[in-house]
Amino acid sequence: MGDFTTDAILLRKIEYGDHDLIITFLTRDKGKICVMAKNAKKSVRRFSGAMDLFSVNHIQCAFPKKNKEAMINLCQTVLENGFSHIRYDVVNTAYASYWTEIVTQWLEDGKAQPDIFELLYTALEMVDDGFIPTEVISLLFQIRFMRLSGFSPGLDQCDTCHTNIEDVDSARLWFDFKAGRVVCPQCKGRIIPVQEPAGPFGAGFRGCWVSKGTLKQLSWINTVEMARAGRIKFSPAAIQEGETLLESFIPFHIGRHFNSLKFLHKMRSEI
Amino acid sequence: MNHYPEAIVRLIHSLSTLPGIGKKTAERLALHILHAPEHEAAALAADITELKKSVRLCASCFALTDRETCQICSDPGRDNGVICVVENPTDMAAIEKSGAFSGVYHILGGALSPIDGIGPGDIRLAELFKRVRRSQIREIILATRTNVEGEATAAYIRSKLAATNIKMTRIASGIPMGGELQYVDPLTMQKAMEKRYGI
């Protein structure tokens, strides 16, 4: 196997020794890969300004020649988009970190997922442009990420009685994390106790209540094309409900706690 | 390593735990110490012991010092009204080497990093805000690094101190002296063009 070139978003970097970096990229053609960037901390010519989080680079890599088990070597990078506006806002940085952490934790190494590459790239571009509130972009990213990963939440009808949410005689429905679907209040009362233990960030451990309006908006941004999805206006209450739902549902399914999500919640409460 | 006496093996092991020192270098250093005059080896051991015993953090700026307050904080010639916020003592040393700053420092001991779970409570931000409340500060220079973590830290400090009337400045980014333009990355070039000055 020889060298390869591809576009890549930098997800994570870890210092290795005095001069090297181990970098996790989400590439357009090869999915998530981990590479060794030798002498990256010193080399201005090969890695000039390109070794920063979220940056999109055109990278050139080489497979190890002798030891096949060794890491892929990063030979050169050309910075294509550094998203200069994300870094000057700590809340935007927290959101971008959360998305990259989801991608890092969820994706298998070496399995190409160009749709997820495009989704992350577009979400970062949208934040950098600054026309759409980052909270809305985050809802858009999370719900579409789950759909592309095969865990699209069911928001249109009750999971048990299959009644369309439009026809449910209640302003709010229960979203069940395990099922990944909404349940109408009547069915919820029949299958699980009404009293739920408190979970993190305003949600229960098993699910949370969400208004019909928010469910409809989330459903719409999940299916409409990306360029139009950003135009929808979410009320502050809808944003909060959407965040509670998705920021509880994703960690529930991935089965781990996200450092950047905890950081994001702290920033939201402070700034 | 079985061919060496236990004392040498132990020293090789200890030296190889230092950054950038592998087993071979550790072996060479251990044999060098063995062959060095006794007073030199004793001085090296004493220096290491003394370093651990006497070096601590400055009570005011958190720089490394062997006194209660560091040399810079206790220097009457320094301007206490201007604080330069840096991530690490090495960053402070780099600014001091330039001789371009005559104020005092505040060393955070790191930068905010959402992915690594390093939040405001994990670096010395509360100490900075306390210092700002207690002292008559005219200007804060944010000299955290220009990577994502450094910029996020600078943005956080700026937002927390926005309500005060303290002048907040950020160190400039641009073309390094003697640098070749063709190797400058687009972000640095963008900053350099934005912050160009008249001559």
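Owing to the predicted nature of the structure, the values given are computational and were not obtained by experimental measurement.

Cut-offs used in this document
- Throughout this document, residue positions are counted from 1 along each chain, in the order its sequence is written.
- A letter from A marks each chain and a number from 1 marks each ligand, given out in the order of writing.
- At least 70 in pLDDT is required for a residue's local features to be given in this predicted model, at least 80 for side-chain atom pairs to be given and counted, and no such filter applies to totals for whole chains, interfaces and linings, which use all residues.
- Just so you know, side-chain values use all the structure's heavy atoms and leave hydrogens and water out.
- Runs of E in the DSSP output that reach at least two residues are strands. Runs of H or I that reach at least four are helices, and both are numbered from the N terminus.
- We take the radius of gyration over the C-alpha atoms and set the globule estimate at 2.2 Å times the residue count to the 0.38 power.
- A 1.4 Å probe rolled over the protein chains alone gives each residue an accessible area, and that area as a share of the maximum for its type sets the label: buried under 20%, exposed over 50%, partly exposed in between.
- Throughout, a contact is declared for two residues whenever any of their heavy atoms are within 4.5 Å.
- Working definition of accessibility: Shrake-Rupley area with a 1.4 Å probe, residue cover restricted to the visible protein chains.
- For the charge count, each Lys or Arg is scored as positive and each Asp or Glu as negative, with His and the chain ends excluded.
- For charged residues, the charge sits on one atom: NZ in Lys, CZ in Arg, CG in Asp, CD in Glu.
- Note on pairing: two strands pair once DSSP finds at least 2 bridges between them.
- Orientation is described by axes fitted as lines to C-alpha atoms, over the contacting stretch for helices, and by angles from 0 to 180 degrees between their N-to-C directions.
- UniProt positions are given in the numbering used here, feature names are shortened, and annotations may be inferred rather than shown by experiment.
- Just so you know how the angles are binned, under 35 degrees is roughly parallel, over 145 roughly antiparallel, 65 to 115 roughly perpendicular, and the rest oblique.
- Put simply, a crossing is left-handed when the front helix is turned counterclockwise from the back one by less than a right angle, and right-handed when it is turned clockwise.

### A word on the overall build of chain B
From N to C terminus, chain B includes seven helices and six strands. Computed over the C-alpha atoms, the radius of gyration of chain B is 22 Å, more than 25% above the 16 Å expected from 2.2 N^0.38 for a compact globule of 199 residues. Its C-alpha atoms give chain B principal-axis dimensions of about 65 × 45 × 40 Å. Looking at chain B as a whole, 36% of its 199 residues qualify as buried. Here the contacts in chain B between residues at least 6 apart in sequence split such that 47% fall between residues at least 24 apart. In the structure as shown, chain B presents an accessible area of about 12200 Å², 56% of it carried by carbon and sulfur atoms.

### Overview of the overall build of chain A
Broken down by element type, chain A carries nine helices and eight strands. For 271 residues, the compact-globule estimate of 2.2 N^0.38 gives 18 Å, and the C-alpha radius of gyration of chain A, at 21 Å, lies within 12% of that figure. Expressed along its principal axes, the backbone C-alpha trace of chain A runs to roughly 65 × 40 × 30 Å. Classification of the 271 residues of chain A by burial places 55% in the buried group. Relative to all contacts within chain A whose residues are 6 or more apart in sequence, the contacts with residues 24 or more apart total 64%. Looking at chain A as shown, the accessible area adds up to about 12400 Å², and 50% of this sits on carbon and sulfur atoms. Of the side chains in chain A, 32 bear a positive and 31 a negative charge, and the two mean positions are spaced by 4 Å.

### Quick look at the pairing of strand β2 (residues 20-27) of chain A
Residues and elements named next belong to chain A. The buried count for β2 comes to eight of eight residues, which makes it a mostly enclosed element. Neither face of β2 is exposed, since Asp20, Ile22, Thr24 and Leu26 on one face and Leu21, Ile23, Phe25 and Thr27 on the opposite face are all buried. Relative to β2, strand β1 (residues 3-16) runs antiparallel, the two sharing eight bridges. By the bridge assignment, Leu10 is partnered in β2 with Phe25. Between β1 and β2, which pair antiparallel in sequence order, lie three residues; one of them, Gly17, sits at a positive phi of approximately 70°. Where β2 and strand β3 (residues 31-37) come together, seven bridges link them in antiparallel fashion. Opposite Leu26, over in β3, you have Lys32 as the bridge partner. Following β2, the chain reverses through three residues before pairing antiparallel with β3.

### Side note on the sheet that holds strand β7 (residues 181-183) of chain A
Pairing between the strands of a sheet is mediated by backbone hydrogen bonds and can be parallel or antiparallel. Residues and elements named next belong to chain A. Taken together, three strands build an open sheet; the order of strands is β7-β6-β8 and the sheet is antiparallel. With one partner strand each, in any of the chains shown, β7 and β8 (207-211) form the two edges of the open sheet. The sheet shows a mean angle of 40° between the axes of neighbouring strands, taken without regard to direction. The strands touched by helix α6 (residues 212-223) are β6 (172-176), β7 and β8; relative to β8, the strand with the most contacts, the crossing angle is about 95°. In this fold helix α8 (residues 236-254) packs onto β6 and β8, with an angle of close to 150° to the strand it touches most, β8.

### Some points on the UniProt feature "zinc finger region: C4-type" (unreviewed entry) in chain B
UniProt feature "zinc finger region: C4-type" (unreviewed entry): in the numbering of this structure it lies at residues 58-73 of chain B. With 0% helix and 12% strand, the stretch residues 58-73 of chain B has end C-alpha atoms that lie 8 Å from each other.

### Remarks on the packing of helix α4 (residues 134-148) of chain A against α6(A)
All names here are of chain A. Packing of α4 against α6 leaves a shortest axis separation of 9 Å and a crossing angle of 65°. Taken together, the axes of α4 and α6 are roughly perpendicular relative to one another. Here the hand of the crossing between α4 and α6 comes out right-handed. From α4, Leu139, Leu140, Ile143, Arg144 and Arg147 reach across to α6, where they touch Leu218, Ile221, Asn222 and Thr223.

### Some details on the sheet that holds strand β6 (residues 167-170) of chain B
All names here are of chain B. Across the sheet, which stays open at both edges, the four strands sit in the order β4-β3-β5-β6 with parallel pairing between neighbours. Either end of the sheet is taken by a strand with one partner, and the two such strands are β4 (103-107) and β6. Within the sheet, the average angular offset between the axes of one strand and its neighbour, ignoring direction, is 25°. Judged from the four bridges that link them, strand β5 (residues 139-142) and β6 form a sheet pairing that is parallel. Residue Ile141 lies in a different strand from β6, and its bridge partner there is Thr169. In this fold helix α5 (residues 125-134) packs onto β3 (79-86), β4 and β5, with an angle of close to 150° to the strand it touches most, β4.

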